[in-house]
Amino acid sequence: MNSRQRYKAFISYSHHDRKAAEWLHRSLESYRPPAGLRAGLGEASGNALKPIFRDRDELSAAADLSEAIRDALDRSDTLIILCSSHAATSRWVDKEVAHFLTLRGADHVISVIAPGAPEGLPLMELLPPALRAALPEGVEPLAVDLRQDADGRRLAKLKIAARLLGVSLDRLVQRDARRRLRLMTAVSGVALAITVGMGAMTVVTLKSRQIAREQRDETEALVAYMLGDLREQLEPVGRLDLLDGVSAKVLAYYAKAQSDQLDDKALAQRAKAQTLLGTIREQRGDLEGAQDAFAQAAATTHALVERSPNDGDRVFDEAQNVFWLAYMEWRRGEIAQAERGFKRYAELAQRLVVIDPNRADWRIEVAYAKNNLGTLLFEEGRASEALASFRAAFSILEAERLRAPTDKQRLMDSANARAWVADCLLLMAKPREAFTERKAAAELLAKGEAAFPTDQRLAAKSVATQLGLARLELDLGRVAEARSRSKAAMNRLRELAALDPTNTRWREYVLIGELDLIDFAIWSGQPVQARSLHAAALANLARTRKGQEGGSWRPDLDGRLARQAVVLALSVGDVATAKRAAKSLVEALETSKVDRETAFGRTDLLGLAQLVDGKPSAAIKALSPRRNALPPASLDVLARAYAAVGERETAARIVRDLKQEGYAHPGFVAFWRESPAGGPPQSGVLK
């Protein structure tokens, strides 16, 4: 090697992080920029990131270690620091950084957080003292994060490569994604061909038991690759069709042998292939195919558990298939069977804890099982049962969060369970208690945001919870507080949405927040602003659905906009327009598809529309069967319908109960102040 050759970068690291440094060195030197970029970079060979200096390799023959390091630093364009608690206290890493900074500024330094760095520890505590001293006061450098729940290895490599090549990350990611898609398509074809070839070889060429065992091991290693690494590589680029084909070929391989000819390891591998095939088919909407795959997997895992009832891994595999079968029944509307399945899943999860009570992941599996059951009960209107299930889940998840206070997933799980508790309380018409629970969930998520400031998904969850709090504040009559909270949340949410315009979930959050602003404007006595916001929200919904074929009508979006049109007309005394809007809403509800997940919202909307259309008896018929599982706004509509047909004592009981639970929505307060329960019904149904 030319002794005066320059290095693209010098990797500085503690020996504790040697494996990560070796991977980084190898990954960068082997990286080839996409063809469309190489010409512009002037790299004829495409090896644009060679050479990279890593002292443990480069200095093995050096006579003077310190002189060799200084020389390499002098000839390096960039310094890459593998940041960790060990690196921050390493005397040698600090000396390397200090020497480099005498030649170049901190803008030529790339900080890379090592995979083993503790979660929640501020970046500044992972930096060597020399770099901390070189940074302006209060300034924290941008860092690439190798940890799995952050950038991960692939994105981290691209970020570093973009810095070293002097190109934008977006440009590199887009070209890399296109190249990976082409590569994965080719790899899938080769992998499928190999699997078929392996199967043929198994039948034709095996001469002895030893050869058969070796051939089987090689084939099953390929199977493991296809079901593991290959799946992880194909899923991000959306190639579910290739994954389906891969899984089918895996199962074809196992089909060549009878079940009694496979050992337990092979049977477990086959069951996993069937489970993965089921999940792929479920994502593609093939519910029948998914059900068949899960059923086959469940039969195998059940047999394995019977052979080894105290093998936790076997019990875990069976629990997953029991869950998936129950979920498929739920998707098909077979509620009784799904409930039995979810309860069986919970029993298996509890069995895992008995087998090994010290495993946190198995204790948490019990909480997940209770959450799943709670969700089913919630959507069936069994609010009190759902509440008990969610509270049980929360008690487990909160205990795990306290055991691992810096674990982000534990924090999110706990906050999610608490949010479900709030939803149950609201469905039980207890807005004051619901606000308390949702506020506690919001505080947890705010802690998470502070601890993990770069996690945008966590930030989005936190903002969505703030929007939910604002809606509850409106229910409690705190209009000014609700508007203020909602405005702040929307500002933050729009910032997040701008980071990734393709994120449909964030765009949906923005639209829901805009619908909230319409309600706040209506009940603040600003109908002109409310109409303007309403028109903008309609346009936003149309943009959101642009390109979708027959986007489904949703009660929480289309229905809520239709409801607001009714209320807007009534707020200015235009009863005729309100009735026309109500009739249109009834027609939309009757003609659009009904599914389990939207049934409640549809019923609530139908009751309101029928009441405004002058059909209070129809509203009572729609809402009264669910009287014990109606949110406060729908109970208010039911009370007005009872008052309209002369059942004033029933109306009075509903109103009294709502007031006792703290419900003080401006429309509710205004109506019952002017039309006290038991008094003559008013001509207007909403104020």
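Residues numbered from 1 in each chain as written. Predicted model: local features only at pLDDT ≥ 70, side-chain atom pairs only at ≥ 80, totals over all residues. Heavy atoms only, no water.

1. Side note on the overall build of the protein
Argument step 1. In terms of helices and strands, the protein carries 31 helices and five strands.
Argument step 2. Expressed as a percentage of the 687 residues in the protein, the buried residues total 49%.
Argument step 3. If you take every contact in the protein between residues at least 6 apart in sequence, the share linking residues at least 24 apart comes to 65%.
Argument step 4. In the form shown here, the protein has an accessible surface area of approximately 32,500 Å², with 51% of it arising from carbon and sulfur atoms. (Helix = DSSP H or I, 4+ residues; strand = E, 2+ residues; numbered from the N terminus. Buried < 20%, exposed > 50% of the residue type's maximum accessible area, 1.4 Å probe, protein only. Contact = heavy atoms within 4.5 Å. Areas by Shrake-Rupley, 256 points an atom, 1.4 Å probe, with all protein chains shown as cover.)

2. Considerations on the pairing of strand β4 (residues 109–113)
Argument step 1. Burial runs high along β4: five of the five residues are buried.
Argument step 2. Here β4 shows a buried face lined by Val-109, Ser-111 and Ile-113 and a second buried face lined by Ile-110 and Val-112.
Argument step 3. Of the pairings in the sheet, the one linking strand β3 (residues 79–83) to β4 comprises five bridges and is parallel in character. Each bridged residue has a counterpart across the sheet, and for Ile-81 the counterpart in β4 is Ser-111. (Pairing = 2+ DSSP bridges.)

3. Focus on the packing of aromatic side chains
Argument step 1. Counted according to the given criterion, the structure contains 14 aromatic pairs.
Argument step 2. Ring centres of Phe-323 and Tyr-345 lie 5.6 Å apart, and the angle between their planes is 50°; this geometry places the pair in the tilted category. Here Phe-323 is found in helix α15 (residues 312–331), whereas its partner Tyr-345 is found in helix α16 (residues 335–355), with 22 residues between them in sequence. The same class applies to Phe-323 as to Tyr-345, namely buried.
Argument step 3. Here Phe-671 and Trp-672 contribute two aromatic rings whose centre-to-centre distance is 4.8 Å and whose plane-to-plane angle is 85°, an arrangement assigned as edge-to-face. Trp-672 matches Phe-671 in its accessibility class, with the two residues each being buried.
Argument step 4. By the ring-pair criterion, three or more aromatic residues cluster together here, those being Phe-294, Phe-323, Trp-324, Tyr-327, Trp-330, Phe-342 and Tyr-345.
Argument step 5. Stacked on the ring of Phe-435, the Lys or Arg Arg-478 has its end atom at 5.0 Å from the ring centre. (Phe/Tyr/Trp six-rings, centres within 6.5 Å; stacked < 30°, edge-to-face > 60°. Lys NZ or Arg CZ within 6 Å of the ring centre and 35° of its normal.)

4. A closer look at the pairing of β3
Argument step 1. With five of its five residues buried, β3 lies for the most part within the structure.
Argument step 2. In β3, alternate side chains face the same way, and those of Leu-79, Ile-81 and Cys-83 on one face and Ile-80 and Leu-82 on the other are all buried.
Argument step 3. By the bridge criterion, three bridges tie strand β1 (residues 9–12) to β3 in an arrangement that is parallel. For Ser-12, the partnering residue across the bridge sits in β3 and is Ile-81.

5. Thoughts on the packing of helix α21 (residues 456–475) against helix α23 (residues 504–523)
Argument step 1. Packing of α21 against α23 brings their axes to within 11 Å, and their N-to-C directions diverge by 20°. Judged by the angle between their axes, α21 and α23 are roughly parallel. α23 is crossed by α21, and the crossing has left-handed handedness. Along the contact surface, α21 presents Gln-456, Arg-457, Ala-460, Ala-464, Leu-467, Ala-470, Arg-471 and Leu-474, while α23 presents Trp-506, Tyr-509, Ile-512, Gly-513, Asp-516, Asp-519, Phe-520 and Trp-523.
Argument step 2. Taken together, the residues of the contact of α21 with α23 sort by class into ten nonpolar, two polar and four charged. (Axes fitted to C-alpha atoms, helices over the stretch in contact; angles between N-to-C directions. Parallel < 35°, antiparallel > 145°, perpendicular 65-115°, else oblique. Left-handed = near helix turned anticlockwise from the far one by under 90°. Nonpolar A, V, L, I, M, F, W, Y, C, P; charged D, E, K, R; others polar.)

6. Quick word on unusual backbone geometry
Argument step 1. Its identity is not glycine, yet Ala-429 carries a phi of approximately 60°, on the positive side.
Argument step 2. Examined against the element boundaries, Ala-429 turns out to sit in the loop between α19 (408–427) and α20 (431–451).

7. Some thoughts on the nonpolar core
Argument step 1. Ranked by internal contacts, the top residues of the largest apolar core, which has 44 residues, are Phe-342 and Leu-376.
Argument step 2. Sorting the residues of this core by element identifies α14 (287–307), α15, α16, α17 (360–379), α18 (383–403), α19, α20 and α21 as the ones contributing at least two each.
Argument step 3. Contacts of Leu-376, omitting those with residues within four sequence positions, involve Trp-330, Ile-335, Ala-338, Glu-339 and Phe-342.
Argument step 4. Of all hydrophobic cores here, the second largest spans 33 residues; its members include Leu-589, Ile-620, Leu-638 and Val-655. (Core = buried A, V, L, I, M, F, W, Y, C linked by side-chain atoms within 4.5 Å.)

8. Let's talk about the pattern of salt bridges
Argument step 1. In the structure shown here, the tally under the stated rule is 31 salt bridges.
Argument step 2. One salt bridge in this structure joins Asp-77 and Arg-6, with 3.1 Å as the shortest N-O distance. With Asp-77 in the loop between α4 (65–74) and β3 and Arg-6 in the segment before β1, the pair connects residues that are 71 residues apart, well separated along the chain.
Argument step 3. Accessibility expressed as a relative area gives 39% for Arg-6, which makes it partly exposed. (Salt bridge = Lys/Arg side-chain N within 4 Å of Asp/Glu carboxyl O.)

9. Description of α20
Argument step 1. Between its first and last C-alpha atoms α20 spans 30 Å; for 21 residues at 1.5 Å apiece the expected length is 30 Å, and the two agree.
Argument step 2. When we look at burial in α20, the residues that qualify are Pro-431, Ala-434, Phe-435, Glu-437, Arg-438, Ala-440, Ala-441, Ala-442, Leu-444, Leu-445 and Gly-448.
Argument step 3. In the core, the buried residues of α20 are packed alongside α18, α19, α21 and α29 (632–644). (Expected span 1.5 Å × (residues − 1).)

10. Comments concerning the environment of Val-139
Argument step 1. Locating Val-139 in the fold gives a position in the loop between α7 (129–134) and β5 (143–145).
Argument step 2. Residues Val-139 and Met-124 lie 15 residues apart in sequence; the distance between their C-alpha atoms is 9.4 Å.

11. Here we look at α21
Argument step 1. With 20 residues, α21 extends 29 Å from end C-alpha to end C-alpha; this agrees with the ideal 28 Å at 1.5 Å per step.
Argument step 2. The buried fraction of α21 is high, at 14 of 20 residues.
Argument step 3. A side-chain oxygen of the first residue of α21 lies 2.9 Å from the backbone nitrogen of Leu-458; this N-cap is Asp-455.
Argument step 4. Looking one or two places after α21, you find Gly-477, whose phi comes out positive at around 85°. (Polar contact = N/O pair within 3.5 Å; in protein donor to acceptor, adjacent residues only side chain to side chain.)

12. With respect to the sheet that holds β4
Argument step 1. Spatially, the five strands line up as an open sheet ordered β2-β1-β3-β4-β5, and their pairing is parallel. A single partner strand is all that each edge strand has here, and the edge strands are β2 (52–54) and β5. The average angle at which neighbouring strand axes cross in this sheet is 25°, direction not considered.
Argument step 2. Sheet strands in contact with helix α1 (residues 18–29) are β1, β2 and β3, and its direction is about 165° off that of β2.

13. Description of the side chain of Ser-90
Argument step 1. Locating Ser-90 in the fold gives a position in the loop between α5 (85–88) and α6 (91–103).
Argument step 2. The class for Ser-90 is buried, based on a relative accessible area of 16%.
Argument step 3. Within the local environment of Ser-90, its side chain forms a polar contact with the backbone nitrogen of Val-93, the two atoms lying 3.2 Å apart.

14. Considerations on the confidence of the model for the protein
Argument step 1. Here the protein averages 80 in pLDDT, while 77% of its residues score no lower than 70.
Argument step 2. Taken together, the stretch residues 233–239 has pLDDT below 50 and engages in 14 contacts with residues farther than four places along the chain or on a different chain. (pLDDT = per-residue confidence, 0-100.)

15. A closer look at the environment of Asp-407
Argument step 1. Along the polypeptide, Asp-407 turns up in the loop between α18 and α19.
Argument step 2. Note: C-alpha distance between Asp-407 and Gly-120 (287 residues apart in sequence) is 7.9 Å.
Argument step 3. At 3.2 Å, the side chain of Asp-407 and the backbone nitrogen of Arg-410 are in polar contact.

16. Focus: the environment of Ala-133
Argument step 1. Mapped onto the elements of the fold, Ala-133 is located in helix α7.
Argument step 2. Taking the C-alpha atoms as reference, Ala-133 lies 9.7 Å from Ala-98; in sequence the two are 35 residues apart.

17. Regarding the packing of α20 against α21
Argument step 1. Packing of α20 against α21 brings their axes to within 9 Å, and their N-to-C directions diverge by 155°. One finds that α20 runs roughly antiparallel with respect to α21. Crossing geometry of α20 relative to α21 is assigned as left-handed. Contacts between α20 and α21 involve Pro-431, Ala-434, Phe-435, Arg-438, Lys-439, Ala-441, Ala-442, Leu-445, Ala-446, Gly-448 and Glu-449 from the former and Leu-458, Ala-459, Lys-461, Ser-462, Thr-465, Gln-466, Gly-468, Leu-469, Leu-472 and Glu-473 from the latter.

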